[in-house]
Structures are given as structure tokens and as C-alpha cells.
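Coordinates in review
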Amino acid sequence: MKTRNIVLIIMFFISSFSYSQIIKSIGFKSGLALSNQKWEYSTFTNELITNQLTCTYNVITIDFIKKQNWDLALDLGFYQSGSIINENPYYFLENTREFIGEVKHRFGFFNLSPILRFKTQIKSFTPYIQFGPRFDFYTSFFSNDYADYFNNEINKTQYGFHIGEGLAYNFKNFSILAEYQFFFNFNKLLDKPAIYPTETFKRELIKINTHIISLGIKYYFKKEE
């Protein structure tokens, strides 16, 4: 699904609910996804060494319930998660361990995250903590060729939870946001029997971890009190 189609679907969803006054606010957050992956392959010595990769994060954020000390919200958008590998991760197919230089895997996901947020008001500032479940759906459009190499083997649906903290500065009907989140996955990006199983190593696994740092702006349809 192309970016334009995704944006149109999201905007239709938002406009449908805003007119019925279910939506209390709408905003946009953009930032960095600092990610790494743990690779365990029987075809490697046991564990492939990876380094952190900086990717992108962009979501529309919507508040549905807004109370004095808590909110119920939803984030909809996309982000990338990946890693940098400095040896050939495909030698089990190519029958060679030849060094091929730096490889950057960028796996793209369409993200849906319900949010329960607890907050307090300090003059014009609102610090808050938040958490909730998370559902990610793999999309090749936001990935790169190296990630698509595993397209037929990876788990296309990732689920887990997110936890984070943030600070909002409020003025008139707007808030400016600064936020940190940690994405934890319950399932593996890849989890299948090893090509060359042993007694101690029977599966091939890729596990993702992602830290999100973002800035954003939010508009309230009713002025913040």
C-alpha cells in the first residue's frame, strides 16, 4: 500500500469521527526510531553481531477521552526498525562468508498503538507517562531491499506493548510535545527451525527492540482548561 493511500485512509477515519465529536484532539508526531536486532542463526557462529540503526517515525495521534489526570488516545502511522550488520548475513545461501561491507536492514511497519496516559498540570506544562498495547504490520514500501530479502519468512504482524514519558507545553488550543517511547515485542520478526539444527541451537530467530524519540504538535477542538 502506497503512502498516499495510507494517508487518505487515516484522514478519512479522522474526519468521520471528528464530526461526531468523539475526537477531542488531533496531532502529529515525528522523530527517530533508534533500533537494533538480536540475530541468532545456526548458520552463523551462534549469534550475529549487529549495531544500532537510526530510522524514521511518523504518526498521527488522536485523543478520544480527555480527563483532568488521564487520557485515552491512539497513534496511527508508520516507522522503521532495523540494524547494521558488518558481515554477510546471506552466506548460507551463497555458500560464502566473504565480507561484503556494511549492511543496513530497514524493516518498515504500519503502526497502531492504543494509549492510556496519566498526566498532571504544572502551569502551562503537562508532564505525563503512557503505556498500552501495540500492533505493527510489516510493509515493504517502508523497508529496503535487504529487509525484503526475508519477505517470505518473517512474521508480518508484530505485537507487543509500548511504554514512555513526555512533556507537553500548552498554549491556546495547541500543545507542543516532546516524547520518549520504548517498543517491546512479544513475538519474533523471524522464528523458524534452523537450517542446520544442533542440540543447543534449533531455531533461527530475529528479535527487534526500538527506542522512539519524537517531537509533535497537537490541536484541541475544545480549549485546554
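Since the model is a prediction, treat every value here as computed from it, not as a measurement.

The next point concerns the side chain of Ser35. If you trace the backbone, Ser35 turns up in strand S1 (residues 25-40). There is a polar contact of 2.8 Å between the side chain of Ser35 and the backbone nitrogen of Gly82. Once you skip the residues sitting within four places of it in the chain, Ser35 turns out to touch Asn51, Gln52, Leu53, Cys55, Ser81, Gly82, Asn209 and Thr210.

Glancing now at the pairing of strand S6 (residues 103-119). Bridge count for strand S5 (residues 70-85) against S6 is 16 bridges, and the pairing is antiparallel. For Asp71, the partnering residue across the bridge sits in S6 and is Arg117. Of the strand pairs in this sheet, S6 and strand S7 (residues 125-138) are connected by 8 bridges, and their pairing is antiparallel. Each residue of the ladder has a partner; that of Lys119, found in S7, is Tyr128.

As for its position among the elements, Glu153 is in the loop between helix H3 (145-148) and strand S8 (157-171). For Glu153 and Leu190, which are 37 residues apart along the polypeptide, the C-alpha to C-alpha distance reads 6.7 Å. Excluding residues within four positions of it along the chain, Glu153 makes contact with Leu190 and Lys192.

This part is about the environment of Ser113. With respect to the helices and strands, the residue Ser113 is situated in strand S6. For Ser113, a relative accessible area of 1% corresponds to the buried category. The spatial distance from the C-alpha of Ser113 to the C-alpha of Gly77 is 9.1 Å, given a sequence separation of 36 residues. Discounting residues that sit within four places of it in the chain, Ser113 has contacts with Ala73, Leu74, Asp75, Pro133, Arg134 and His162. Polar contacts involving the side chain of Ser113 include one to the side chain of Asn111, which spans 3.1 Å.

When pLDDT is averaged along the protein, the result is 84; 77% of the residues meet or exceed 70. When pLDDT is averaged over each element of the protein, S7 comes out on top at 97 and helix H2 (residues 91-94) at the bottom at 46. Low pLDDT (under 50) marks residues 92-97, which in the prediction has 10 contacts with non-local residues, meaning those over four places away or in another chain.

Checked against the element boundaries, Ser25 lands in strand S1. Reaching out from Ser25, the side chain makes a polar contact with the side chain of Asp63 at a distance of 2.8 Å. Setting aside chain neighbours within four positions, we find Ser25 in contact with Thr61, Ile62, Asp63, Lys218, Tyr219, Tyr220 and Phe221.

This paragraph deals with the nonpolar core. Counting residues in each nonpolar core, the largest one holds 21 residues, and the members touching the most others are Phe107, Phe109 and Leu189. Contributions of two or more residues to this core are made by S1, strand S4 (53-66), S5, S6 and strand S11 (203-220). Here this core gets 4 residues from one element, more than from any other, and that element is S4. Filtering out sequence-adjacent residues up to four positions away, Phe109 remains in contact with Gly77, Phe78, Tyr79, Ser81, Asp136, Phe137, Tyr138, Thr139, Gln158, Leu189 and Ile208. By size, the runner-up hydrophobic cluster in this structure holds 6 residues, among which are Ile23, Ile60, Phe64 and Leu74.

For Lys123, which is not a glycine, the phi torsion comes out positive at approximately 55 degrees. Along the polypeptide, Lys123 turns up in the loop between S6 and S7. Since its relative accessible area comes to 78%, Lys123 is described here as exposed.

Moving on, we come to a nonpolar patch on the surface. Residues Ile122, Phe125, Leu167, Tyr169, Phe171, Phe174, Ile176, Ile217, Tyr219 and Phe221 make up a contiguous nonpolar surface patch of roughly 870 Å² in combined accessible area. Here the nonpolar patch gets 3 residues from one element, more than from any other, and that element is S8. Among the structural elements, Ile217 can be located in strand S11. The exposure class assigned to Ile217 is partly exposed, which follows from its relative accessible area of 43%.

Right, let's talk about the environment of Leu74 for a bit. Inspection of the secondary structure assignment puts Leu74 in strand S5. A relative accessible area of 13% means that Leu74 is categorised as buried. With 14 residues separating them along the chain, Leu74 and Ile60 place their C-alpha atoms 8.3 Å apart. Residue contacts for Leu74: discarding those within four places in its chain leaves Ile60, Thr61, Ile62, Phe64, Leu112, Ser113 and Pro114.

Reading guide: rules and limits
- Counting starts from 1 at the beginning of each chain's written sequence and moves along it residue by residue.
- For this predicted model, a pLDDT threshold of at least 70 governs which residues receive local features, and a threshold of 80 or more governs which side-chain atom pairs are given and counted, while totals over whole chains, interfaces and linings are taken from all residues.
- The basis for the side-chain values is all heavy atoms of the structure; hydrogens and waters are excluded.
- We count a stretch as a helix when DSSP gives it H or I for four or more residues in a row; a strand needs E for two or more, and each element gets its number in order from the N terminus.
- Within 3.5 Å is the distance limit for a polar contact, defined as a pair of N or O atoms, with the added protein rule that one can donate a hydrogen and the other accept it, and that residues adjacent in sequence qualify only through two side-chain atoms.
- In what follows, residue pairs with any heavy atoms lying within 4.5 Å of each other are defined as contacts.
- Pairs of strands are assigned from DSSP output, requiring at least two bridges between the strands.
- Burial classes: relative accessible area under 20% of the type maximum marks a residue as buried, over 50% as exposed, and values in between as partly exposed (1.4 Å probe, protein chains only).
- By definition, pLDDT measures how confident the predictor is in each residue, and it falls between 0 and 100.
- Remark: nonpolar core denotes a set of buried residues (Ala, Val, Leu, Ile, Met, Phe, Trp, Tyr, Cys) joined through side-chain atoms within 4.5 Å.
- Patches draw on residues past 30% relative accessible area with no salt bridge. Two like charges within 9 Å are joined, as are two nonpolar side chains (Val, Leu, Ile, Met, Phe, Trp, Tyr) within 5 Å.
- In these tables, accessible area is a Shrake-Rupley quantity obtained with a 1.4 Å probe, and a residue counts as shielded only by the protein chains included in the view.
- Salt bridge criterion: a side-chain nitrogen from Lys or Arg within 4 Å of a carboxyl oxygen from Asp or Glu.

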